[in-house]
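Residue-level listing of the chains:
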Amino acid sequence: MKKILLLLALPLLAQAQKIDKIITRAETERIETYLASNELAGRKPFTPGIEKAAKFIAEEFDKAGLQKTNGTYLQSFLMYQSKLLSASGTLEGKVLVDKQVAIISKEASIQIDEKSGFEVASIKEGENFGQNAYRLLNAKKATIVFLHESFAKYIPRLSNRGPLKESQPTVIFVVANDIPSTFKVTATQQVEKLQLSNVVGILPGKSRPNEYVIFSGHYDHLGIGKPVEGDSIYNGANDDAAGTTAVMMLAKYYAKKRDNERTLIFAAFTAEESGGHGSQYFSKQFNPDQVMAMFNLEMIGTESKWGKNSAYITGYEKSSMGEILKQNLVGSPFTFYPDPYTDQNLFYRSDNATLAELGVPAHTISTSKMDSEPNYHKASDEVQTLDLDNMTEIIKAIAKSATTIISGKDTPSRVDTTKLK
């Protein structure tokens, strides 16, 4: 029996010896420390800090020898930032003031009335504002929404939404207790085109080049906010410089191994914090049927609720991916668990969601204690709060757990999109 156990352990031992020379604590610290440095000022979209971060990630992908797409690692796309200059109108002949209107649109000039063909909707007194507003903000057609006066306090927040996607239809919110039979709304806006960029590197597969496995994390964060004890930079060391560091370390590891049968795609997403815009654009660049699995890495810098050498997988029951990863770690000290914070809908709150909605077995791996993480979305989320030794072991475990998916031996079951929220 001892001989059998030894034979089973030998492949893991050989793999460990190789991986320990590539995925090192020193390299984890080097990358993490730069991404979470004050120099990058919290990596907020449309700032010099996030551009420096993108440049750094691209340079590291280049050093690893990853392939570019169309001559670049930057997967760039346009978004729109609008500022309302004036708004006026009438509701059944009564004058409408600008403080009663919020415009979500990339159009510079807007003029509509009841004959303009806009969808007409309302949020009535006592209804759930958040759920209804989210649904209407994501409408497919131009829409005018009449809000009960009890929701008037949300007009400033709605007015400051952005950035907006190319496909964003005009959505207008107007304070009115009832849907008027006649209305007119006129508005002018200052509209600016802005560029965002994911950073994407590719390692072609040997025998299955048209089957993709994605490793991803978002490299943006919240930027600069109100000072807390003199610190105004939201460094985002755990959220999500940690996940981005893991993506870069895995890229280096697999690029040195060069034995992947399936094509590996390494993606650092932008604008996750402001609506998942980077992953949404990224998802449209692929046929989802060709994406075999997505490992999205989010906040892996602190110990999980189970301690060291452990992490959880969101949406564990939605595909067989978690079971495959666990099986590949048998004999190692590391364990994956199902998401213990299902009440927080984490499966739908990170960059895996966009591809999961297309049926891809796309899951987020995390260790963040979402019921008690002291530095989450705070200026105190800095490198010194992380356990870099444990984080390095997590990255190694992810690499080992992905082995049979990368080789093509295992293919996770697809997500049943009819059962998603």
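Parameters and conventions
- Residues numbered from 1 in each chain as written.
- Predicted model: local features only at pLDDT ≥ 70, side-chain atom pairs only at ≥ 80, totals over all residues.
- Heavy atoms only, no water.
- Helix = DSSP H or I, 4+ residues; strand = E, 2+ residues; numbered from the N terminus.
- Buried < 20%, exposed > 50% of the residue type's maximum accessible area, 1.4 Å probe, protein only.
- Contact = heavy atoms within 4.5 Å.
- Lys, Arg positive; Asp, Glu negative; His and termini not counted.
- Charge placed at Lys NZ, Arg CZ, Asp CG, Glu CD.
- Phe/Tyr/Trp six-rings, centres within 6.5 Å; stacked < 30°, edge-to-face > 60°.
- Lys NZ or Arg CZ within 6 Å of the ring centre and 35° of its normal.
- Pairing = 2+ DSSP bridges.
- Expected span 1.5 Å × (residues − 1).
- Polar contact = N/O pair within 3.5 Å; in protein donor to acceptor, adjacent residues only side chain to side chain.
- Salt bridge = Lys/Arg side-chain N within 4 Å of Asp/Glu carboxyl O.
- UniProt positions renumbered as here; feature names shortened; annotations may be inferred.
- Axes fitted to C-alpha atoms, helices over the stretch in contact; angles between N-to-C directions.
- Parallel < 35°, antiparallel > 145°, perpendicular 65-115°, else oblique.
- Nonpolar A, V, L, I, M, F, W, Y, C, P; charged D, E, K, R; others polar.
- Core = buried A, V, L, I, M, F, W, Y, C linked by side-chain atoms within 4.5 Å.
- Left-handed = near helix turned anticlockwise from the far one by under 90°.

For the chain, an unreviewed UniProt entry supplies the name M20/M25/M40 family metallo-hydrolase and the organism Aquirufa novilacunae.

(A) Geometry of the overall build of the chain. In terms of helices and strands, the chain carries 11 helices and 16 strands. Viewed in the frame of its principal axes, the chain has a C-alpha envelope of about 90 × 50 × 45 Å. Evaluated residue by residue, the chain yields a buried proportion of 54% over its 421 residues. In the chain, of all internal contacts separated by at least 6 residues, the share reaching a separation of at least 24 is 85%. Averaged over its 49 positive side-chain charges, the chain has a centre that lies 4 Å from the centre of its 49 negative ones.

(B) Representation of the packing of aromatic side chains within the structure. With the rule as written, the count across this model stands at 20 aromatic pairs. Note on Trp306 and Tyr312: the rings are 6.5 Å apart at their centroids and 65° apart in plane angle, and the pair reads as edge-to-face. On the accessibility criterion, Tyr312 (1% relative accessible area) is buried. Stacked on the ring of Phe347, the Lys or Arg Lys318 has its end atom at 5.4 Å from the ring centre.

(C) Geometry of the pairing of strand S3 (residues 101-104). Alternating residues of S3 divide into Val101 and Ile103 and Ala102 and Ile104, and every residue in both groups is buried. In the sheet, S3 pairs with strand S7 (residues 171-175) via four bridges, with the strands oriented antiparallel. Residue pairing across strands places Ile104 opposite Val171, the latter belonging to S7.

(D) Spotlight on helix H10 (residues 388-401). Between the first and last C-alpha of H10 there are 20 Å, a value that for 14 residues agrees with the 20 Å anticipated at 1.5 Å per step. Extensive coverage of H10 is indicated by the burial of 12 of its 14 residues. Regarding H10, the residues found buried are Leu388, Asn390, Met391, Thr392, Ile394, Ile395, Lys396, Ala397, Ile398, Ala399, Lys400 and Ser401. The backbone nitrogen of Asp389 has a side-chain oxygen 3.3 Å away, supplied by the residue at the start of H10, namely Asp387.

(E) Representation of the pattern of salt bridges in the model. The tally for this structure, following the rule as stated, stands at 20 salt bridges. For the salt bridge of Glu317 with Lys318, the shortest nitrogen-to-oxygen distance reads 3.5 Å. Take Glu317: its relative accessible area is 60%, and that puts it in the exposed class. Among the ionic pairs, Glu393 bridges to Lys396, the shortest N-O distance being 3.1 Å. Placement of both Glu393 and Lys396 in helix H10 is noted, with a separation of three residues, approximately one turn of the helix. Residue classification places Lys396 among the buried residues on the basis of a relative accessible area of 8%.

(F) Local environment of the UniProt feature "domain: Peptidase M28" (unreviewed entry) in the chain. Summarizing the sequence annotation, UniProt attributes the feature "domain: Peptidase M28" (unreviewed entry) to residues 198-400 in the numbering used throughout. Taken end to end, residues 198-400 is 27% helix and 27% strand, and its first and last C-alpha atoms sit 26 Å apart.

(G) Highlighting the packing of helix H2 (residues 25-35) against helix H3 (residues 48-64). One way to put it is that H2 packs onto H3 with a least axis distance of 10 Å and a crossing angle of 155°. What the angle tells us is that H2 and H3 run roughly antiparallel. Taking contact as the criterion, the partners of Glu27, Arg30, Ile31, Tyr34 and Leu35 in H2 are, on H3, Lys52, Ala53, Phe56, Ile57 and Glu60. Looking at the contact of H2 with H3 residue by residue, the classes come out as six nonpolar, no polar and four charged.

(H) Structural detail: the nonpolar core. Membership of the largest hydrophobic core comes to 63 residues, with the highest contact counts inside it found for Phe61, Phe215, Leu250, Tyr254, Phe266 and Phe295. Not counting the four nearest positions on each side in its chain, Tyr254 is found in contact with Leu203, Phe215, Asn260, Leu264, Phe266, Ile398, Ala399, Ala402 and Ile406. Within the second largest apolar cluster, 19 residues are counted, among which are Ala133, Ile155, Leu158 and Phe173.

(I) How the structure looks around the packing of H3 against helix H6 (residues 237-257). Across the interface, H3 lies against H6 with an axial gap of 9 Å and an inter-helix angle of 15°. Put simply, H3 runs roughly parallel to H6. Considering only the axes of H3 and H6, their crossing is right-handed. Here H3 contributes Phe56, Ile57, Glu60, Phe61 and Ala64 to the contact with H6, which in turn contributes Thr244, Val247, Met248, Ala251, Lys252 and Ala255. Taken together, the residues of the contact of H3 with H6 sort by class into eight nonpolar, one polar and two charged.

(J) Representation of the sheet that holds S3 in the model. Taken in spatial order, the four strands make up an open sheet running S3-S7-S6-S5, and their pairing is mixed. Edge strands, defined here as strands with exactly one partner in the open sheet, are S3 and strand S5 (119-123). Neighbour-to-neighbour, the strand axes of the sheet open up by a mean angle of 20°, direction not taken into account. Of the strands in this sheet, S3, S5, strand S6 (143-147) and S7 touch helix H4 (residues 129-137), which is tilted by about 165° from S5.

(K) Quick peek at the side chain of Ser122. Within the fold, Ser122 resides in strand S5. A polar contact of 3.1 Å, which involves the side chain of Ser122, links it to the side chain of Lys124. Not counting chain neighbours up to four residues away, the residues in contact with Ser122 comprise Glu127, Val145, Phe146 and Ile179.

(L) View of the pairing of strand S16 (residues 362-366). Summarising burial for S16: five of the five residues are buried, a large majority. In S16, alternate side chains face the same way, and those of Ala362, Thr364 and Ser366 on one face and His363 and Ile365 on the other are all buried. For strand S13 (residues 291-297) and S16, the ladder comprises four bridges, and the chain directions are parallel. Bridging across to S16, Asn296 finds its partner in Thr364. Summarising the sheet, strand S14 (residues 310-313) and S16 pair through two bridges and their orientation is antiparallel. Its bridge partner lying in S16, Ile313 is registered against Ile365.

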